[in-house]
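# Residue-level structural notes
For reference, the chains in residue letters:
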Amino acid sequence: MSVPIVTIFGGSGFVGRQVAQRMARAGWRVRVAVRRPDEAGFVRPYGFVGQVEPIQANIRDEASTRAAIIGATAVVNCTGLLSESGKQTFGAILDEGPARIARLAAEAGVTRLVHLSAIGADPASPSAYAAGKGRGEAAVLAAFPDAVILRPSVIFGVGDGFFNKFASMARMSPIVPVVGPETRFQPVFVGDVAEATARAAAGGVAPGTYELGGPEVVSFRAVMARILEITQRRRLAFAVPAGVARVPARLLDRVQRMTGGLVANTLVTDDQITLLAKDNVVSGTLPGFAEIGIAPTAMEAVLEDYLYVYRPHGQYDEITASARNLRPRT
């Protein structure tokens, strides 16, 4: 009996690497399809020798994408980006890339296709990111009607680009600007998203679109308060009107384009400000974790495990606090 093969585009990324681990543990051969496989060697120990292999594939390229798919039973698309840089545009990665993967997967006779999207995906959205995600979903379903599309809210976990970003800002600056303080999120644990993805790839999830949100709905203001509490930082978190925030955001966006991405806008982009104008929570009209059979993990069960490094003394803060309570011997 042959071992089934799964191709995971973006399999070395934040979510993709966790999907790769789960598929390997389930006995699959895993192809981690990435642009630079020489930088993804860390995925090999996820399985036994030869079970998990990074391979070269660029979803902007027809030939390499086809080669990565041929022979696979399941295909997972975890690629994505939050800001454009050079040829890595929303159109190329969020729209055309998923369309190419779905079309080639259908042509190759792939049994299952899982596409990782995002809550808020809508071709008519004023956000270029959300619009690209929406067009990508439509293209996937047009080519592969039985695909599973997963739409997570903001994802948290070790290595995330959201909680880590603001915890780092709080470590560096006494003032933390918050754009859209009342915008609501439903943060979801990366392990839960990866588990849902792996189950779908293995055939344990019915075709359709699923919205994935955690057990708690919180405002951006409350998220910042949680981060400051965990990192033990006393910072001034103040609301910044979107119009005011757009001025430096557009300037930094322009600098990034002019430098070809050599100087990256790591603070906030103009498009991200547009995204922050709308809540990022499940609609309640689509299936979610319950239908997949997963109980989502609460933030308090995970956040402190990796945000503690942003405390004034990192892991030594607990020791320092305990030392203060010691009484000298008499």
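Before reading on, note that the structure itself is shown above.
As a starting point, this report considers the structure included with it. As the structure is a prediction and not an experimental result, all values here were calculated from the model.

Thresholds applied
Residues numbered from 1 in each chain as written. Predicted model: local features only at pLDDT ≥ 70, side-chain atom pairs only at ≥ 80, totals over all residues. Heavy atoms only, no water. Axes fitted to C-alpha atoms, helices over the stretch in contact; angles between N-to-C directions. Helix = DSSP H or I, 4+ residues; strand = E, 2+ residues; numbered from the N terminus. Parallel < 35°, antiparallel > 145°, perpendicular 65-115°, else oblique. Left-handed = near helix turned anticlockwise from the far one by under 90°. Contact = heavy atoms within 4.5 Å. Buried < 20%, exposed > 50% of the residue type's maximum accessible area, 1.4 Å probe, protein only. Polar contact = N/O pair within 3.5 Å; in protein donor to acceptor, adjacent residues only side chain to side chain. Pairing = 2+ DSSP bridges. Salt bridge = Lys/Arg side-chain N within 4 Å of Asp/Glu carboxyl O. Patch = residues over 30% accessible without salt bridge, like charges linked within 9 Å, V, L, I, M, F, W, Y side chains within 5 Å. Areas by Shrake-Rupley, 256 points an atom, 1.4 Å probe, with all protein chains shown as cover. Right-handed = clockwise from strand over helix to strand, strands pointing away. Core = buried A, V, L, I, M, F, W, Y, C linked by side-chain atoms within 4.5 Å.

### Section: the packing of helix H2 (residues 62–69) against helix H3 (residues 90–107)
- H3 packs onto H2 with a crossing angle of 50° between their chain directions and a minimal axis gap of 10 Å. Here H2 is positioned oblique relative to H3, judged by the angle of their axes. Note that H2 runs across H3; the crossing there is right-handed. Seen from H2, the contacting residues are Glu62, Thr65, Arg66 and Ile69; seen from H3, they are Arg100, Ile101, Arg103, Leu104, Ala105 and Glu107.

### Some remarks on the environment of arginine 235
- Relative to the helices and strands, arginine 235 is located in the loop between helix H7 (220–231) and strand S13 (236–240).
- In this structure arginine 235 comes out as partly exposed when scored by relative accessible area, which is 26%.
- If sequence neighbours within four positions are ignored, arginine 235 has contacts with Ala170, Arg171, Ser173, Pro174, Ile175, Val176 and Leu228.
- Within the structure, arginine 235 has its side chain in polar contact with the backbone oxygen of alanine 170 (distance 2.6 Å).

### Considering the environment of glycine 214
- Looking at the secondary structure, you find glycine 214 in the loop between strand S11 (208–212) and strand S12 (218–219).
- In sequence terms glycine 214 and valine 154 are 60 residues apart; their C-alpha atoms lie 9.2 Å from each other.
- With residues up to four places along the chain from it excluded, the contact list for glycine 214 reads Gln186, Pro187, Val188 and Pro296.

### Thoughts on the sheet that holds strand S3 (residues 52–56)
- Across the sheet, seven strands lie side by side as S3-S2-S1-S4-S5-S6-S11; this open sheet has parallel pairing. Only two strands of the sheet have a single partner each, and these edge strands are S3 and S11. Across the sheet, the mean angle separating the axes of adjacent strands is 20° when strand polarity is ignored.
- Here strand S1 (residues 5–9) pairs with strand S4 (residues 74–77) via four bridges, running parallel. Bridge pairing in S4 links phenylalanine 9 to asparagine 77.
- Lying on the sheet, helix H4 (residues 128–143) is in contact with strand S5 (112–116) and strand S6 (148–152); it crosses S5 at an angle near 175°.

### Focus on the pattern of salt bridges
- A complete count under the given rule lists 16 salt bridges for this structure.
- Residues glutamate 62 and arginine 66 are paired through a salt bridge, measuring 3.4 Å at the closest nitrogen-oxygen approach. With glutamate 62 and arginine 66 both in helix H2, this residue pair falls four residues apart, about one helical turn.
- Residue classification places glutamate 62 among the partly exposed residues on the basis of a relative accessible area of 27%.
- Looking at arginine 66, the relative accessible area reads 34%, which means it is partly exposed.
- Here aspartate 270 ties to arginine 246 by a salt bridge, and the two come within 2.5 Å at their closest N and O atoms. Of the two residues, aspartate 270 is situated in helix H9 (residues 270–275) and arginine 246 in helix H8 (residues 242–258); the sequence distance between them amounts to 24 residues. With respect to burial, aspartate 270 and arginine 246 carry one shared label: buried.

### What about a nonpolar patch on the surface?
- Residues Ile175, Leu236 and Phe238 make up a contiguous nonpolar surface patch of roughly 260 Å² in combined accessible area.
- Structurally, the position occupied by isoleucine 175 is in strand S8 (residues 175–179).

### Things to note about the pairing of strand S2 (residues 29–34)
- For S2, the buried fraction is high: five of the six residues fall into the buried class.
- Summarising the sheet, S1 and S2 pair through five bridges and their orientation is parallel. For isoleucine 5, the partnering residue across the bridge sits in S2 and is arginine 29.
- Between the parallel pair S1 and S2, the chain is carried across by helix H1 (residues 16–25), and the sense of this crossover is right-handed.
- Both S2 and S3 contribute to a ladder of five bridges, which runs parallel. When the bridges of S3 are listed, arginine 31 appears paired with glutamate 53.

### A word on the nonpolar core
- Counting 37 residues, the largest nonpolar core has Ile8, Met23, Val30 and Leu150 as the members making the most contacts within it.
- Sort the elements by how many residues they give to this core and helix H6 (residues 190–201) lands first, with seven residues.
- Excluding its chain neighbours within four sequence positions, the residues that come into contact with isoleucine 8 are Gly16, Val19, Ala20, Met23, Val30, Arg31, Val32, Ala33, Val76 and Cys78.

### Observations regarding the side chain of threonine 65
- With respect to the element layout, threonine 65 can be found in helix H2.
- With relative accessibility at 0%, the residue threonine 65 sits in the buried group.
- Once residues lying within four places of it in the same chain are set aside, the contact partners of threonine 65 are Phe9, Asn58, Ile59, Arg100, Ile101 and Leu104.

So far we have only geometry, and geometry alone does not tell us how the molecule works.
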